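Remarks on the overall topology
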Amino acid sequence: MVLNLLQRCSLSSSSLLKLTPPLFRFCCTFPFTNLSTFSNKRFMKKPSKHNSITPKVTNFLRMFYLRGNIENLKPLGSVLIVRGLMRDKDAVAEFIISCFHLDTPELALSAFEGIEKPSVFLQNLMIRRLCNHGLFEDVLYVYLKGRVLGCSSDNFTFPFVIKASSALGAVWMAEGVHCVVFKTGFEENLVIQTALVDFYGKTGRMGKARLVLDRISQPDLVTWNALISGYSLNGFDKDAFEVLRQIRMMGLKPNVSTLVSIIPLCTRMKCYDIGKSINGFVIKSGFSSDVILTPALISMYADDGNLFVARNLFDSASEKNVVIWNSMISAYAQNQKFREAFKMFQQMLQANIQPNMVTFVSIIPGCENPDNFWYGKSLHAHVMKYRLDSQLSVATALLSMYAKLGDLNSAEFIFYQMPRRNILSWNSMISGYGYNGLSEASLAAFCDMQVEGFDPDAISIISILSACSKLEAILLGKAAHAFSFRKGFDSNLNISNALLAFYSDCGQLSSCFKLFLKMALRDVISWNTLISGCVHNGDTENAVALLHEMQREECKLDLVTLISIIPICSMTENLIQGMSLHGYTIKTGFACDVSLVNALISMYSNCGDINAGKFLFEVMPWRSIVSWNALMTGYRYHNLQNEVIASFCQMIWEGQKPNYVTLLNLLPACSTLLQGKSIHAFAVRTGIIVEIPIITSLISMYARYEITNSCLFLFGMGDKKDIALWNAVMSAYIKTRNAKEVVTFFCELLHARVEPDFITFLSLISACVQLSCLNLSNSIMAYIIQKGFDKHIVISNALIDLYARCGNISVAKKIFEDLPSKDAVSWSAMINGYGLHGDSNAALALLSQMKHSGIRPDGCTYTSVLSACSHGGFADQGWMIFDSMVEEGVPQRMEHYACMVDLLGRTGQLSGAYNFVQKLPCKPSTSLLESLLGACRVHGNVELGEKISRLLFQLDPKNSGSYVMLYNIYAAAGRWMDANRVRSDMAERQLRKLPGFSLVEGNRHPVE
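Residues numbered from 1 in each chain as written. Predicted model: local features only at pLDDT ≥ 70, side-chain atom pairs only at ≥ 80, totals over all residues. Heavy atoms only, no water.

A count of helical and extended segments in the protein chain gives 60 helices and two strands. The buried share of the protein chain, taken over its 1008 residues, is 47%. Within the protein chain, contacts between residues separated by at least 24 positions form 61% of all contacts whose residues are at least 6 apart in sequence. Roughly 50,900 Å² of accessible area belongs to the protein chain as shown, and the carbon and sulfur atoms make up 54% of that amount. (Helix = DSSP H or I, 4+ residues; strand = E, 2+ residues; numbered from the N terminus. Buried < 20%, exposed > 50% of the residue type's maximum accessible area, 1.4 Å probe, protein only. Contact = heavy atoms within 4.5 Å. Areas by Shrake-Rupley, 256 points an atom, 1.4 Å probe, with all protein chains shown as cover.)

Spelled out as structure tokens, the structure:
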């Protein structure tokens, strides 16, 4: 049946190629030697009497080749058929040559199909001409048809068929041809072996390519060049250089083809010194005028950022063809010099050089910046003018441009208008969806691509892994990993790096390390991805270890490495290590990079040296918005609110446009409600208000001024599905002590089917603390356990504090003891709980246990212990613990001074407490003085109480509590005139005593 279809020539080339690989195996195994008898009975016409062509006809055909035109070509074909000359190979050969000369290969194919049994000569002629015209599908069609018709193949046939298979990615076809080569005894032919090396190299099967070459007894330079090209194409750069070394050792001199493959390696590996040496070799060898080498050298210098030399190479080229123009346009575009690239494009048109698809593919990506939108539109018009819109690569570049600009409608229009699509166009659409945050649409396009019969390639896998990262679809990502392994992509370095990034983004560091250790090849991107993953996941120890290992393996640290590792110094507050990295950046010449300087500003600010960060900022030749934000964040971190506002004003004055991060730094620095409202208005005017972090920060700002209506209004503006909004409002209610509203709001959250996170539960626990409601606390804890949040140590610490404050110290103790791991906050919360319950001995014992367990007490821990000593009246132990803070390297802050004043006041040491206050290195806080004033009331020390009161009236004149305590001191001492004077002062100042309240949990309702 297959033979019948082929003999009648009813199948086109594309139809034949759609037949499955088993057809080829059938064709290879069919006994063609017995086909002639079968063919003669049914298909062979009667032999013509014209068995040979006359010299006159031959001369006529040759004249037609020189002077003929397309209009006369079809009649000439008819003459050949009518005259019976289709059997004469010379006549048919001349006609086929004429067809290709006049660019009508379809007529040549039609004539070839009319030959009942083509000769090897005619078959080879057709295959060679079709291959030269890039009609690779037709090459395979002719070859398969020839095999079916019993036409044999020789050493001129196989190289072109292998080349066509390589161009089409028809792996099954080329591997079948390889088998036929062995079967027919042509395996020793050097040209065929070279073609096989080239094929296996281009399809990524470098192991087989090397195996074929190793079996060649005496490979020539062309064969070695094919292997180098394969290594270069597949990213095996070191192997390519090793082959070059072997070539030199064998005494073979590299030619232009060798250098064309090697120069891009220098570009990719950033080995610009080697590239410059090769440039010197090119000049010495007399290759400098070669039009093939010039573009490669221009590209190398452009990658090094040396556009001056690249332009000199362009200007010195004696003959500027379209390839050289394209390389210079690409050089400018690659270095973000888009205006120069577009100007070069205009000069190219003025020089009457017609742009091709490579021109547009080089320049269109430069329009992916919104500022160059209209340039992109202009280039699209030029594409239409030169009728290149049907070219897949150009259409794909336009598709990608519109996708990057966010115009997905135009991108989809181009995609669906493509007459045919290839894997590249599908990949562009998949990545376009992912770039615009439509990860689910990206996954859907990936599935559609496979339904259309396209096997995903390395780019497809990389795009889909990016989508899986954003969706945190771990299972799908692992499936993509398995798919890439099954398809043999596991040796592809780009895919391995994408997998590292996927596992890192999903928090799967163990899988990251397993993959990293199995990688045969690693580049600086591999190291950077793993180091960055460790930093983002808080594993600073492994990040530092990887950095040292990277240096031991002599992998050069690049800019990304340094930007990834510098935040570790911020996290650990290791200023010395940060300064060492800063020194390394100066030594390696990276110190002028804006992104790196921004990271250094943040590092110095976080490590406490805000002046160094400010100095780096001031000496920057150019500052980005990130630079301003880094400095303002540093000021905010050190509570330098005035400097934050001053920096903002200077930024506006210098014409820098703020973003939402700027406003996030500015809002906490607002000292008045008017300032906060001004920032709110600015956010509305600039459109930044749509950002969820801005809305939540504004809610927090209004909560400071207890304007809950504005908080609820902002909540209504945001996306109700975002848990951050709900958390912000709940936090606002906590700040305004509306604990009941927090519980109500949490119920609304559950009705809205929004999943709470651990911050939600922290707010809810804080509400329970304010309500002191044990029943509600038990319910909340049960819900927390049901949702699995009890495994979060932060939640467990909050529960310890909650039950301690609600009076159930036994439950707090059980939660504490059941913790699988305890941090400093856990110990501090439990110590504070014992202190609240008056069990100072248990608090001190727990402090000893904490130290023995290896956990170093921090400032909060000492606050809890000193508070416990105060409640228990342990003055000596309190002094001892307070003094030990200096030895432990824990700074003494205002809360520690307040605890000591309270301790001395409770034990009746009022004069000692007052002396302690006078010797403080800083101004005392209101709460500290109120504590001492309360002790004066308890112990009846009127004189000291008057002194403390005067200090309090200066610090906080509107605080009615100070007046009330002084009134009580006078009243207790029987000094009613002074007491009445204090009351009169309160009336003049319009101060009212705040009503006291007692909250006791009853059987059904709290009673106030």
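Additional details are given in the paragraphs that follow.
Moving on to the packing of aromatic side chains. Throughout the structure, instances matching the rule amount to 28 aromatic pairs. With a centroid separation of 4.2 Å and 15° between ring planes, the pair formed by F953 and Y963 is classed as stacked. Taken together, the residues span a long stretch of sequence, with F953 in helix α58 (residues 942-955) and Y963 in helix α59 (residues 960-972) at a distance of 10 residues. Judged by relative accessible area, which is 3%, Y963 ranks as buried. One aromatic cluster is present, formed by F338, F342, F345 and F360 through successive ring pairs. Over the ring of F415 we find R421; its NZ or CZ atom is 4.5 Å from the centre of that ring. Its end group placed over the ring of F816, K822 keeps NZ or CZ at 5.2 Å from the ring centre. (Phe/Tyr/Trp six-rings, centres within 6.5 Å; stacked < 30°, edge-to-face > 60°. Lys NZ or Arg CZ within 6 Å of the ring centre and 35° of its normal.)

With that settled, the discussion passes to the packing of helix α13 (residues 190-202) against helix α15 (residues 221-233). Two quantities define a packed helix pair, namely the angle between the axes and the distance from one axis to the other. Orientation of α13 relative to α15, taken along the N-to-C sense of each, is 5°, at an axis distance of 8 Å. Considering their axes alone, α13 and α15 lie roughly parallel with respect to each other. Counting all contacts with α13, which are made through L190, T194, V197, D198, G201 and K202, the residues of α15 involved are V222, T223, A226, L227, G230 and L233. In terms of residue class, the contact of α13 with α15 is built from six nonpolar, four polar and two charged. (Axes fitted to C-alpha atoms, helices over the stretch in contact; angles between N-to-C directions. Parallel < 35°, antiparallel > 145°, perpendicular 65-115°, else oblique. Nonpolar A, V, L, I, M, F, W, Y, C, P; charged D, E, K, R; others polar.)

Turning our eyes to something else, we now look at helix α25 (residues 392-404). Compared with an ideal rise of 1.5 Å per residue, which puts 13 residues at 18 Å, α25 spans 18 Å between its outermost C-alpha atoms and is within 8% of the ideal. Of all 13 residues in α25, 11 are buried, a share of seventy percent or more. Every buried residue belonging to α25 is among L392, V394, A395, T396, A397, L398, L399, S400, M401, Y402 and A403, and all of these are buried. Next to the buried residues of α25 lie α23 (357-363), α24 (373-385), α26 (408-417) and α27 (423-435). Residue G406 follows α25 closely and has a positive phi angle near 85°. (Expected span 1.5 Å × (residues − 1).)

For the rest of this paragraph, the subject is helix α60 (residues 976-988). Its 13 residues place the ends of α60 18 Å apart at the C-alpha level, agreeing with the 18 Å of an ideal helix rising 1.5 Å per residue. For α60, the full list of buried residues reads D978, A979, V982 and M986. An end-on view of α60 places all buried positions within 105° of arc, on one side of the element. Facing away from the buried surface of α60 by more than 90 degrees, the exposed residues are M977, A987 and E988. Check the buried side of α60 and you find it contacts α59. Of the residues trailing α60, Q990 is marked for its positive phi of about 60°. (Arc of directions from axis to C-beta.)

It is worth spelling out the environment of P219 at this point. Following the sequence through the fold, P219 ends up in the loop between α14 (206-214) and α15. Residues P219 and V191 lie 28 residues apart in sequence; the distance between their C-alpha atoms is 9.9 Å. Every residue in contact with P219, bar those within four places of it in the chain, is listed here: L190 and W224.

The subject of this paragraph is the packing of helix α39 (residues 625-637) against helix α40 (residues 641-653). Between α39 and α40, the shortest axis-to-axis distance is 8 Å and the interhelical angle comes to 165°. By the angle between their directions, the pair α39 and α40 is classed as roughly antiparallel. Regarding α39 and α40, the two cross each other, and that crossing is right-handed. Where α39 approaches α40, its residues I625, W628, L631, M632, Y635 and R636 are matched on the opposing element by E643, V644, S647, F648, Q650 and M651. Tallied by class, residues from the contact of α39 with α40 come to eight nonpolar, two polar and two charged. (Left-handed = near helix turned anticlockwise from the far one by under 90°.)

Moving on, we come to the pattern of salt bridges. Under the counting rule described, the total for this entry stands at 13 salt bridges. Where D214 meets R210, a salt bridge forms, and the shortest distance between an N and an O atom there is 3.1 Å. With D214 and R210 both in helix α14 and four residues apart, the pair spans about one turn of that helix. By relative accessible area, which is 48% here, D214 ends up partly exposed. Three or more residues joined by partner-sharing salt bridges are found here, namely E946, R975, D978 and R981. (Salt bridge = Lys/Arg side-chain N within 4 Å of Asp/Glu carboxyl O.)

Turning next to a nonpolar patch on the surface. A contiguous nonpolar patch, built from M357, V358 and V361 and spanning about 200 Å² of accessible area, is present on the exposed surface. For M357, the position within the fold is in helix α23. Residue classification places M357 among the partly exposed positions, given a relative accessible area of 34%. (Patch = residues over 30% accessible without salt bridge, like charges linked within 9 Å, V, L, I, M, F, W, Y side chains within 5 Å.)

Quick look at the environment of L932 now. Inspection of the secondary structure puts L932 in helix α57 (residues 926-939). By relative accessible area, L932 is classed as buried at 0%. On a C-alpha basis, the gap between L932 and R906 in space is 8.9 Å, while along the polypeptide they are 26 residues apart.

Before going further, it helps to examine unusual backbone geometry. Its identity as a non-glycine residue notwithstanding, E554 has a phi of 60°, on the positive side. Relative to the assigned elements, E554 resides in the loop between α34 (540-552) and α35 (559-572). Under the relative-accessibility criterion, E554 is labelled exposed at 72%. Although it is not a glycine, E706 sits at a positive phi angle of roughly 60°. With respect to the helices and strands, E706 occurs in the loop between α43 (692-704) and α44 (708-717). E706 sits in the exposed class, given a relative accessible area of 57%.

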